[in-house]
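These are the residues of each chain, in order.
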Amino acid sequence: LPTKMLTGAALAAAGDAIAQGRDDDDYNAARGASFAAFDMTYRGAQHYLFPIIVEFCRGQYLLSIMAAVGATKLFDASSLTAMERALANQLIIVPL
């Protein structure tokens, strides 16, 4: 976890430094630090939340929806699992 968080912080700070370098203003260290702090916090949350998504999103929810509309043969279980996990990430974790 510390490696993930420090790597994310370094990449966020570097990315912000590149973005700030395109402006004519001086480098804003507080802004760079806020990007790094946010990224560290977000990666820490992801570290604990992603295993929950993997455990609970195995395609069963989308499969039941597909069954309700008679379309169970459109996607295989691995595709439904991937879609469920992506939806959980984008609609639950990202907005947090």
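Here's a quick rundown of the structure. (Residues numbered from 1 in each chain as written. Predicted model: local features only at pLDDT ≥ 70, side-chain atom pairs only at ≥ 80, totals over all residues. Heavy atoms only, no water.)

1. Concerning helix α4 (residues 77-93)
Logical step 1: The end-to-end C-alpha distance of α4, which contains 17 residues, comes to 23 Å, matching closely the 24 Å that a straight helix rising 1.5 Å per residue would cover.
Logical step 2: Taken together, the buried positions of α4 are L80, T81, E84, A88, N89 and I93. What you see down the axis of α4 is that its buried residues fit within an arc of 165°, all on one side.
Logical step 3: In this structure, the buried side of α4 is in contact with α2 (29-56) and α3 (60-68). (Helix = DSSP H or I, 4+ residues; strand = E, 2+ residues; numbered from the N terminus. Expected span 1.5 Å × (residues − 1). Buried < 20%, exposed > 50% of the residue type's maximum accessible area, 1.4 Å probe, protein only. Arc of directions from axis to C-beta. Contact = heavy atoms within 4.5 Å.)

2. A short note on the pattern of salt bridges
Logical step 1: One pass over the full model with this rule turns up two salt bridges.
Logical step 2: The shortest N-O distance in the salt bridge between D16 and R31 comes to 2.6 Å. Placement of the pair is D16 in helix α1 (residues 2-21) and R31 in helix α2, with a sequence separation of 15 residues.
Logical step 3: Overall, D16 belongs to the buried group, its relative accessible area being 4%.
Logical step 4: The shortest N-O distance in the salt bridge between R43 and D39 comes to 2.5 Å. Linking R43 with D39, this pair stays in helix α2, spanning four residues, or about one helical turn. (Salt bridge = Lys/Arg side-chain N within 4 Å of Asp/Glu carboxyl O.)

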